[in-house]
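One-letter residues, chain by chain:
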Amino acid sequence: MEDSRIALPMGTALDRFIKIKQDDFQYASGELSQLLRDIALAGKVVNREMNKAGLINIIGSIGTQNVQGEDQQKLDVLANIRFVRAFTKGQEVCAIISEEDDEVIEIDNHKKYIVAIDPLDGSSNIDVNVSVGTIFSIYRRISPIGSAVEEKDYLQKGIEQVAAGYILYGSSTMLVYTTGHGVNGFTYDPSLGEYLLSHQNMTIPENGSIYSINEGSSLSFDDGVKKYISYCRENNYSGRYIGSLVADFHRNLLKGGIYIYPATNKNPNGKLRLLYECNALAFIVEQAGGKAVDGKKRILEIQPTSLHQRVPFFVGSENMVNKAVFFNENS
Ligand SMILES: O=P(O)(O)OC[C@H]1O[C@](O)(COP(=O)(O)O)[C@@H](O)[C@@H]1O
Ligand SMILES: [Mg+2]
Ligand SMILES: [Mg+2]
């Protein structure tokens, strides 16, 4: 049996990495490993379609709105279909929470895992060929296997996640995930059709000089946020905002930085969704040595009360988040 603490060679295939690291899982039985593989596979299909979106008429709105009143893009719906199908076929999942579905999708009561997913993150950037992503969180159900899935199963705090990650469809396609034993990144090699280890034991710098926030809404930011932005400017930090959460988060994870989506007049609780956007990235950033709060409280400690609830989101380098919280608490 190979020792899973040893650093693995760059280029190690995802499948092999999952197998070697399986013993890290508290309840290792192969099901979580298979679920991670199912996500990776569905990501390859979405990636392939994304790459030729303009040629196969899958750009633009589909003409319907999701539960949040957002126009659904064709790729939002297509990605949702691909992941729901992968979870149904994969036979590891009992229920799914998706940004694109109003209610919980119940799959099979005899299965263990709950998945919360943002099938396509950064929808406003799809048509303009800017990086977008997929975000996922995985939980173990609490109710007994075989019984109906209950609210307590899918409204769990982020600290209960057994795994979380994202796929970034950018200049290269990457899968980044954690199972609570550090964060690792895999780059997709289309010529091999494989995700290969490219970023091992990722950590976020304690400090950074990049801040990511949509300043277009700054007139309605709280005083604390306004003061923090002034602080960033006074310190000549760079403003970088792609408008795709996964892409902004990934850059800051590598270089150091902070992403903020605060409360605004338009979104009094912020815009981002706790269950399928914030919890996953909070788990990853903490595993990488960073921090994620709602302006005050640790994101992973927030008790969810509804499927699509929004929270203000401050995530990134520890010292930068602490500074933002300081201004929040002293304004
Ligand atoms: O246009 P805004 O208000 O700055 O919002 C951009 C944010 O909204 C999102 O697009 C929300 O995610 P979805 O695209 O999955 O709905 C984030 O990716 C992004 O960071
Ligand atoms: Mg999103
Ligand atoms: Mg989305």
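In this text the structure is predicted, and so the values were computed from the model without any measurement. (Residues numbered from 1 in each chain as written. Chains lettered and ligands numbered in written order. Predicted model: local features only at pLDDT ≥ 70, side-chain atom pairs only at ≥ 80, totals over all residues. Heavy atoms only, no water.)

(A) Highlighting the overall build of the chain. The number of helices and strands found in the chain is eight helices and 15 strands. The globule rule puts the C-alpha radius of gyration for 331 residues at 20 Å, and the 19 Å found for the chain is close to it. With the C-alpha coordinates of the chain rotated into their principal frame, the extents come out at 50 × 50 × 45 Å. Within the chain, buried positions represent 56% of all 331 residues. A sequence separation of at least 24 residues applies to 62% of the contacts in the chain between residues at least 6 apart. Of the roughly 14000 Å² of accessible surface on the chain, 47% is carried by carbon and sulfur atoms. (Helix = DSSP H or I, 4+ residues; strand = E, 2+ residues; numbered from the N terminus. Rg over C-alpha atoms; globule rule 2.2 N^0.38 Å. Buried < 20%, exposed > 50% of the residue type's maximum accessible area, 1.4 Å probe, protein only. Contact = heavy atoms within 4.5 Å. Areas by Shrake-Rupley, 256 points an atom, 1.4 Å probe, with all protein chains shown as cover.)

(B) Inspection of the coordination of the magnesium ion (ligand 3) at higher detail. Those protein atoms acting as donors to the magnesium ion (ligand 3) are Glu99 (OE), Asp118 (OD) and Leu120 (O), and they sit at 2.0 to 2.2 Å. Donor residues for the magnesium ion (ligand 3) sit on one chain with the sequence pattern E-x18-D-x1-L. Between the magnesium ion (ligand 3) and the magnesium ion (ligand 2) the interatomic distance amounts to 3.7 Å, and Asp118 serves as a bridging ligand to the pair. What makes Asp118 buried here is its relative accessible area of 0%. (Donors = N, O, S within 2.8 Å, 3.2 Å for Na, K, Ca; no water.)

(C) Spatial organisation of the coordination of the magnesium ion (ligand 2). Coordination of the magnesium ion (ligand 2) by the protein involves Asp118 (OD), Asp121 (OD) and Glu277 (OE), with metal-donor separations of 1.9 to 2.1 Å. Here the donor residues of the magnesium ion (ligand 2) are spaced in sequence according to D-x2-D-x155-E.

(D) A look at the UniProt feature "domain: Fructose-1-6-bisphosphatase class 1 C-terminal" (unreviewed entry) in the chain. Listed under "domain: Fructose-1-6-bisphosphatase class 1 C-terminal" (unreviewed entry) in the UniProt record, and renumbered for this structure, are residues 204–324. Between the end C-alpha atoms of residues 204–324 there is a gap of 17 Å, over a span that is 36% helix and 13% strand. (UniProt positions renumbered as here; feature names shortened; annotations may be inferred.)

(E) Examining helix α6 (residues 245–255) more closely. With nine of its eleven residues buried, α6 lies for the most part within the structure. Among the residues of α6, those classed as buried are Leu245, Val246, Ala247, Asp248, Phe249, His250, Arg251, Asn252 and Leu253. Remark: Gly256 follows α6 within two positions and exhibits a positive phi of approximately 90 degrees.

(F) Expanded view of the sheet that holds strand β3 (residues 93–98). In spatial order, the strands read β4-β3-β5-β6-β7-β8-β9-β10; together these eight strands make up an open sheet with mixed pairing. Strand pairing shows two members of the sheet lacking a second neighbour, β4 (105–106) and β10 (194–199), which therefore form its edges. Across the sheet, helix α1 (residues 14–21) touches β8 (173–178), β9 (183–189) and β10, and the angle it forms with β8 is around 5 degrees. Here α6 sits on the sheet and contacts β5 (113–121), β6 (132–140), β7 (163–169), β8 and β10; the angle it forms with β7, its principal contact strand, is near 105 degrees. (Pairing = 2+ DSSP bridges. Axes fitted to C-alpha atoms, helices over the stretch in contact; angles between N-to-C directions.)

(G) Highlighting the domain arrangement of the chain. The domains assigned to the chain are domain 1 (14–199) and domain 2 (210–329). Centre-to-centre separation of domain 1 and domain 2, based on C-alpha positions: 22 Å. Taken together, both faces of the contact between domain 1 and domain 2 bury some 3000 Å²; the carbon and sulfur share is 63%. Area buried by domain 1 at its contact with domain 2 is led by Leu155, Lys157 and Tyr166, which between them contribute 20% of it. At the junction of domain 1 with domain 2, the criterion picks out three salt bridges. Residues Glu70 and Arg273 are paired through a salt bridge, measuring 3.4 Å at the closest nitrogen-oxygen approach. Here domain 1 and domain 2 share 19 residue pairs in polar contact (both at pLDDT 80 or more) between them. Elements with a minimum of two residues in the side of domain 1 that touches domain 2: β3, β5, β6, β7 and β8. The residue inventory of the side of domain 1 that touches domain 2, partitioned by class, reads 22 nonpolar, 19 polar and eight charged. (Domains from an automatic or database assignment. Buried area = accessible area lost by both parts, 1.4 Å probe. Salt bridge = Lys/Arg side-chain N within 4 Å of Asp/Glu carboxyl O. Polar contact = N/O pair within 3.5 Å; in protein donor to acceptor, adjacent residues only side chain to side chain. Nonpolar A, V, L, I, M, F, W, Y, C, P; charged D, E, K, R; others polar.)

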